[in-house]
Amino acid sequence: LFHNAYAQNLASDISYLTRKAEADAIWKILSDDPVHFIHGRGIGTSYYWDPAYLPEIWMVFPKEEAGFDDIWFAGHSVWTYGLLSGGVIALGSYLVFFGSVCVFSLVAARSNASDPGPDQWLAFLPFVATLCLISETLTANPFQERLVGILYGIMAGLPQAFMVRSSWIHTSSSRSS
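The rules we used
- Residues numbered from 1 in each chain as written.
- Predicted model: local features only at pLDDT ≥ 70, side-chain atom pairs only at ≥ 80, totals over all residues.
- Heavy atoms only, no water.
- Core = buried A, V, L, I, M, F, W, Y, C linked by side-chain atoms within 4.5 Å.
- Buried < 20%, exposed > 50% of the residue type's maximum accessible area, 1.4 Å probe, protein only.
- Helix = DSSP H or I, 4+ residues; strand = E, 2+ residues; numbered from the N terminus.
- Contact = heavy atoms within 4.5 Å.
- Phe/Tyr/Trp six-rings, centres within 6.5 Å; stacked < 30°, edge-to-face > 60°.
- Axes fitted to C-alpha atoms, helices over the stretch in contact; angles between N-to-C directions.
- Parallel < 35°, antiparallel > 145°, perpendicular 65-115°, else oblique.
- Left-handed = near helix turned anticlockwise from the far one by under 90°.
- Nonpolar A, V, L, I, M, F, W, Y, C, P; charged D, E, K, R; others polar.

Undergrad: Help me understand the nonpolar core, please; the structure alone is not making it clear to me.
TA: Nonpolar side chains in soluble globular proteins tend to end up buried together. If you look at the biggest cluster of nonpolar residues, it comprises 17 residues, and the most contacted ones within it are L30, Y47, W49, I57 and L84. For this core, the secondary structure elements donating two or more residues are α1 (14-32), α3 (54-57) and α4 (78-111). If one sorts the elements of this core by residue count, α1 sits on top with 5 residues. Apart from residues no more than four positions distant in its own chain, W49 is found in contact with T18, A21, E22, A25, I57, F68, I71 and H76. Counting residues in hydrophobic clusters, the runner-up holds 7 residues, among them W79, F98, V101 and M155.

Undergrad: I'm lost on the environment of I89 in this one. Help?
TA: With respect to the secondary-structure elements, I89 resides in helix α4. A relative accessible area of 51% means that I89 is categorised as exposed. Sequence separation of I89 and T137 is 48 residues, and the distance between their C-alpha atoms is 17 Å. Residues within four places of I89 in sequence aside, it is in contact with I38 and H39.

Undergrad: Sorry, what's going on with the packing of aromatic side chains here?
TA: Two aromatic rings, taken as a pair, are described by how far apart their centres are and by the angle between their planes. According to the stated counting rule, one finds 11 aromatic pairs in the structure shown. Centre to centre, the rings of Y94 and F98 are 6.0 Å apart; their planes meet at 15°, and the pair counts as stacked. Here the residue Y94 and the residue F98 both occupy positions in helix α4, the gap between them amounting to 4 residues, near one helical turn. Judged by relative accessible area, which is 2%, F98 ranks as buried. Between F98 and Y152, the aromatic rings sit 5.7 Å apart at their centres with planes inclined by 80°, giving edge-to-face as the arrangement. Note that F98 is positioned in helix α4 and Y152 in helix α6 (residues 146-176), a separation of 54 residues in sequence. For Y152, a relative accessible area of 5% corresponds to the buried category.

Undergrad: I would appreciate a short explanation of the packing of α1 against α4 in the present structure.
TA: Working note: a packed helix pair is described by the angle between its axes plus the distance between those axes. Remark: α1 packs on α4, axes separated minimally by 10 Å, with the N-to-C direction vectors making an angle of 20°. Classified by the interaxial angle, the pair formed by α1 and α4 is roughly parallel. For α1 against α4, the interelement crossing comes out left-handed. In this structure, α1 contributes E22, A23, I26, W27, I29 and L30 to the contact, and α4 contributes T80, Y81, L83 and L84. Among the residues forming the contact of α1 with α4, the class breakdown is 8 nonpolar, 1 polar and 1 charged.

By themselves, these are just geometric observations and shouldn't be taken as functional.
Below, the structure is given as C-alpha cells:
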C-alpha cells in the first residue's frame, strides 16, 4: 500500500486507488436502496469500481484488459464486501465472531493457569491469530482463500479443547482433595 505512486505519475498509489474505487462504488450501490445497509445484497453480489477513479487506474491497467464494471470477487477488504453482501448485520457478526474467539481464548488460558502444561502457550494462539487476521482485513480479504477459513475455524475451536483440559484438571484435583 502506498508504494511507487510517483513512478506512474499518479496522485495516489494504484493499490489505494483500486480499494477506494471499490469502496466508493459499494457505498453508491447500497445508497440506491438504503435498506440494504441493514441486510446487504447477498453473498455473490457483483459490484463495480467507481468510474471517477478509472482515468487514473487506466494509467496503470490497460483499458482492453479492464473488466471493472461487473466484478464478482470477495473484494479488497473483509469490511467493504461484508457490508455489500450482508450489511450491518454481517459486520456485526464479524465483530462478534472475532471478539468471541479472542475472549474465549483468554478465558481458556486463564482457566488452565493453575496447572499449566507444556502446550499452555497454544491457548493464546487463537487470540494472536485473530489479531493478525484483523490487521490483514483492512487491506485484504483473507477469506477469499478457503484455507484461511478452515484454519480460522480451527482457531475458533481451539479454546474448547483448553476448556475441556481445564475441566479435567479441576475435576481430578477436587477428587484427590
